[in-house]
Amino acid sequence: MDEKHKHPYLSGNFAPIQATLPLTPCSYQGTIPPDLAGGQYVRNGGNPLTNDDLVRDAHWFDGDGMLSGVLFRRSKENGADIQPEFVNQYLATDVYCYAKRTTLLRKPIIPSIATLANSATPFFGFLWAVFRTVAYVLLSQLPGRSPIKKISVANTNVIYHDGRALATCESGPPLRFSLPDLKTIGWYNGRKSDNEASKDDRSGFGGNGLLSFMREWTTAHPRVDPVTGELIAFHSMLAKPFVRYSIVKPANQTEIGSSSFDLPVPGVASPKLMHDFGVSRHHTIILDLPLTLDPFNQARGVPSLHYDSTKPSRFGVFPRYAPDAIQWFETNPCLIFHTANCWDVMKPATDKSPATATVNMLACRLTSASMVFHAGNLPLPEVKPVPPEYAEEDQCRMYFFSFQMALCPGQTGAILHQWALSAIPFEFPTVNPSYALQEARYVYGCSTSEKFSAALGKAAKVDYLAKLDVGQLVARGTANPPRTVKGCVDTRTLDEVLGTTRDDDSIKLFAMPTGWFAQEPRFVPRAQQSSEDDGWLLTYVFDESQLDEDGECRDDATSELWVIDAKGMKHIVARIKLPQRVPYGLHGNWYTEDDIRQQRPFEATRQVEGIPAEESLWSGICSMAEQWLG
């Protein structure tokens, strides 16, 4: 491939892998903690099946969903022994099933995010990309083809709720899969999934009607309350009211009321790209940031996906069950793709002061959209001059927001605090799941010696895992607040943090060996915890000495799954040697032995049909159309 056309997110260990394996025993070094016995780590990520056109528009967030998992199987001979087994499977979405039925596709059916974000994409180029997708959806309805009813590639995240393992992506509803074999079961509408025996025919996500296909688009980051078992989700769409909201109750907790679907969230004025949100035990936070996702942007002379750094960020906070009681808080422009945690501080009234409710949020805050463009190997577009109070250097940091709610109608709440906790780059956060949606002391995540917004032609890679004592950092910041918005509690660089050896340091770093890179870590608590941080971090890692002279992976390249002591952030306690590599991907989850055992029954998994052996009239017409569409 021509070097100048080599896309950094289609090269090296970002390049897709086509081979899939059933559960396959792995060798390992070290000692696997008994806390992992019977559980499974699963990570999702984009892995384009159709990858012939290497000079097409492409983005790290594109591609068919592929699950990669390691099951820590208990030995049949001795339940105390653990045998790790690797498995990876494509998610059998409608789009994937269609692509498997033809050999004529040269690029994915769904337009790339790079096409939507590129200011150089001509208006007719955008129209062609949309027309091509619509044409394939229509072709798929003909006899002999696999129908495309939902356009999601389910390639972003994985969660567990009420006996179901679910893969998620913004462009559709969750997709259920089975543990531990990772086979696809079917689309989940909030009440049941395809291939389940349930007789519940009530509508769920999306409801009924003309816009139901759009209203079922569900955030890739739904939250599951560890106390109530509720799944909380929002749906960002292209038509008013632009954001809807759902709460799915677990089946065994009918006493806490019925589920709520597609409740309108007032106050959002245009369609936005909303990837994540904040959820505490009592409140929900909607992130209305100046990143629009609007097809009509093209008529205004800007890309469909457009970041306007002259517009403020807005945060809508409301009680969990009352989106109509939303209160809006406005501040400097920013982007947030991942929130780490939220918690409430409720103070009852006294003789001297009224009651107050404060909602705190930790989030990975970016000061520009550079990561969006560089992950598609796109140059940054020209931007309007911003007001001086909005000007900030390009960075991605763990950030603390504190929203004080107005308790009476007509009053206005206030942002009490808004500043960074640390100056080091920080993304892909995770907390001890038992402490989610409440005040947690520790947040783990990824850091890098460069920037998450890597330079054009390069890809952002994770060479550090980080542990932040956010309890300590928030306490320091509230006692001696840094400058609002642009201030920072701990201003040390990565090198300065690495030079500190104190055990009680508020920031701890695990440095990857030279040439090795990690992925998002996932915290797994020890069964008998002595403290909140007593547990393990699981992350896929790759040694880039396995790349050839052109920077591509050798055919025999493999990855590993590392189990790292999360308390001290110094020791690798186990290294599982995988039979193949795992491309750098997105989000993962830990499924306990009970999660696997307590899955809801299902009748079948989705079967992916191969290419038809005989050409019919309809298949001939489809083939001709596919050749023309490309």
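Residues numbered from 1 in each chain as written. Predicted model: local features only at pLDDT ≥ 70, side-chain atom pairs only at ≥ 80, totals over all residues. Heavy atoms only, no water.

**Describing the overall build of the protein**
- Regarding its fold elements, the protein presents nine helices and 34 strands.
- Expected size for 630 residues packed as a compact globule is a radius of gyration near 25 Å; at 24 Å, the protein falls within 12% of this value.
- Dimensions along the principal axes, computed over C-alpha positions, put the protein at roughly 80 × 60 × 55 Å.
- Here the protein displays about 26100 Å² of accessible surface, and carbon together with sulfur accounts for 53% of that area.
- Averaging the locations of the 60 positively and 70 negatively charged side chains of the protein gives two centres separated by 4 Å. (Helix = DSSP H or I, 4+ residues; strand = E, 2+ residues; numbered from the N terminus. Rg over C-alpha atoms; globule rule 2.2 N^0.38 Å. Areas by Shrake-Rupley, 256 points an atom, 1.4 Å probe, with all protein chains shown as cover. Lys, Arg positive; Asp, Glu negative; His and termini not counted. Charge placed at Lys NZ, Arg CZ, Asp CG, Glu CD.)

**Describing helix H6 (residues 470–479)**
- Looking at H6, one finds that the buried residues are Val470, Leu473, Val474 and Gly477. Viewed end-on, H6 has its buried residues packed into an arc of 95°, placing them on one side of the element.
- Close packing links the buried residues of H6 with strand E21 (356–366), strand E22 (396–404), strand E23 (414–422), strand E25 (442–447), strand E26 (464–469) and strand E27 (488–490). (Buried < 20%, exposed > 50% of the residue type's maximum accessible area, 1.4 Å probe, protein only. Arc of directions from axis to C-beta. Contact = heavy atoms within 4.5 Å.)

**Re the nonpolar core**
- Phe315, Met361, Leu362 and Leu421 are the most contacted members of the largest nonpolar core, which has 104 residues in total.
- Per-element tally for this core: the top contributor is E21, with seven residues.
- The contact partners of methionine 361, leaving out residues within four places of it in the chain, are Gly278, Ile285, Leu287, Phe315, Ile336, Thr339, Asn341, Cys342, Tyr399, Phe400, Phe401 and Phe403.
- By size, the runner-up hydrophobic cluster in this structure holds 20 residues, among which are Val70, Phe86, Trp536 and Leu578. (Core = buried A, V, L, I, M, F, W, Y, C linked by side-chain atoms within 4.5 Å.)

**A short note on the pairing of strand E32 (residues 559–565)**
- With seven of seven residues buried, E32 is to be regarded as a mostly interior element.
- Burial along E32 is two-sided: Ser559, Leu561, Val563 and Asp565 facing one way and Glu560, Trp562 and Ile564 facing the other are all buried.
- Examined bridge by bridge, strand E31 (residues 535–543) and E32 share seven bridges and lie antiparallel to one another. From the neighbouring strand, valine 541 faces E32, where its bridge partner is glutamate 560.
- One ladder, built from five bridges, connects E32 with strand E33 (residues 572–577); its direction is antiparallel. Bridge assignment links tryptophan 562 to a residue of E33, and that residue is arginine 575.
- Between E32 and the antiparallel strand that follows it, E33, lie six residues; methionine 569 among them carries a positive phi value of about 60°. (Pairing = 2+ DSSP bridges.)

**Looking at the sheet that holds strand E20 (residues 335–347)**
- With mixed pairing, five strands are arranged side by side in an open sheet as E20-E21-E22-E23-E27. Every interior strand has two partners, whereas the edge strands, E20 and E27, have only one. Going across the sheet, the axis of each strand differs from the next one's by a mean of 25°, ignoring polarity.
- Strand direction decides the pairing type here: E23 and E27, joined by two bridges, are parallel. Paired with alanine 420 across the strands is cysteine 488, a residue of E27.
- Lying over the sheet, H6 contacts E21, E22, E23 and E27, oriented at roughly 125° with respect to E23. (Axes fitted to C-alpha atoms, helices over the stretch in contact; angles between N-to-C directions.)

**What to know about the UniProt feature "binding site: Fe cation" (unreviewed entry) in the protein**
- Mapped onto the present numbering, the UniProt feature "binding site: Fe cation" (unreviewed entry) falls at His221, His275, His338 and His587. Taking the farthest pair of C-alpha atoms as the criterion, the annotated set spanning 367 residues converges on one region, since that pair is 12.7 Å apart. Of the annotated positions named here, the largest cavity is lined by His275.
- Within the element layout of this structure, histidine 338 appears in strand E20.
- By relative accessible area, histidine 338 is classed as buried at 8%.
- Discounting chain neighbours no more than four positions away, the residues touching histidine 338 are His221, His275, Asp276, Ala363, Cys364, Glu427, Phe428, Pro429 and His587. (UniProt positions renumbered as here; feature names shortened; annotations may be inferred. 1 Å grid on protein atoms, 1.4 Å probe; cavity = no way out; pocket = protein on both sides within 12 Å on 5 of 7 lines; lining within 4 Å.)

**Side note on the UniProt feature "transmembrane region" (unreviewed entry) in the protein**
- Per the UniProt annotation, the sites labelled "transmembrane region" (unreviewed entry) are residues 109–131.
- Across residues 109–131, helical content stands at 61% and strand content at 0%; the span's end C-alpha atoms are separated by 11 Å.

**Quick word on the packing of aromatic side chains**
- As enumerated under the stated definition, the model contains 32 aromatic pairs in all.
- Taking the centre distance of 4.7 Å and the plane angle of 50° together, the rings of tyrosine 399 and phenylalanine 401 count as tilted.
- When its relative accessible area of 2% is taken as the criterion, tyrosine 399 is described as buried.
- Classification of phenylalanine 401 as buried rests on a relative accessible area of 0%.
- Aromatic pair phenylalanine 400 and tryptophan 419: ring centres 5.1 Å apart, planes at 45°, arrangement tilted. Of this pair, phenylalanine 400 sits in strand E22 while tryptophan 419 is found in strand E23, placing the two residues 19 residues apart along the sequence.
- These aromatic residues form a ring-pair network of at least three members: Tyr9, Phe14, Trp60, Phe61, Phe428, Phe542 and Tyr584.
- Over the ring of tyrosine 442 we find lysine 467, and its NZ or CZ is 4.6 Å from the ring centre. (Phe/Tyr/Trp six-rings, centres within 6.5 Å; stacked < 30°, edge-to-face > 60°. Lys NZ or Arg CZ within 6 Å of the ring centre and 35° of its normal.)

**Quick look at the pairing of strand E7 (residues 164–168)**
- Within E7, five of the five residues are buried, leaving the element largely enclosed by the surrounding structure.
- The alternating pattern of E7 places Arg164, Leu166 and Thr168 on one face and Ala165 and Ala167 on the opposite face, and all of these are buried.
- Taken together, the five bridges between strand E6 (residues 157–161) and E7 define a ladder with antiparallel strand orientation. In the strand pairing of E7, tyrosine 160 is matched with alanine 165.
- Joining the antiparallel neighbours E6 and E7 is a turn of two residues, in which aspartate 162 adopts a positive phi near 50°.
- By the bridge criterion, three bridges tie E7 to strand E8 (residues 175–177) in an arrangement that is antiparallel. Paired with alanine 165 across the two strands is phenylalanine 177, which belongs to E8.
- Joining the antiparallel neighbours E7 and E8 is a turn of six residues.

**Points about the sheet that holds strand E15 (residues 283–288)**
- Judged by pairing direction, the sheet is antiparallel, and its four strands sit side by side in the order E14-E15-E18-E19 without closing on themselves. Of all the strands in the sheet, the pair left with one neighbour each is strand E14 (278–279) and strand E19 (327–331).
- Inspection of the sheet shows strand E18 (residues 313–319) paired to E19 by five bridges, in the antiparallel sense. Bridge pairing in E19 places arginine 314 opposite glutamate 330.

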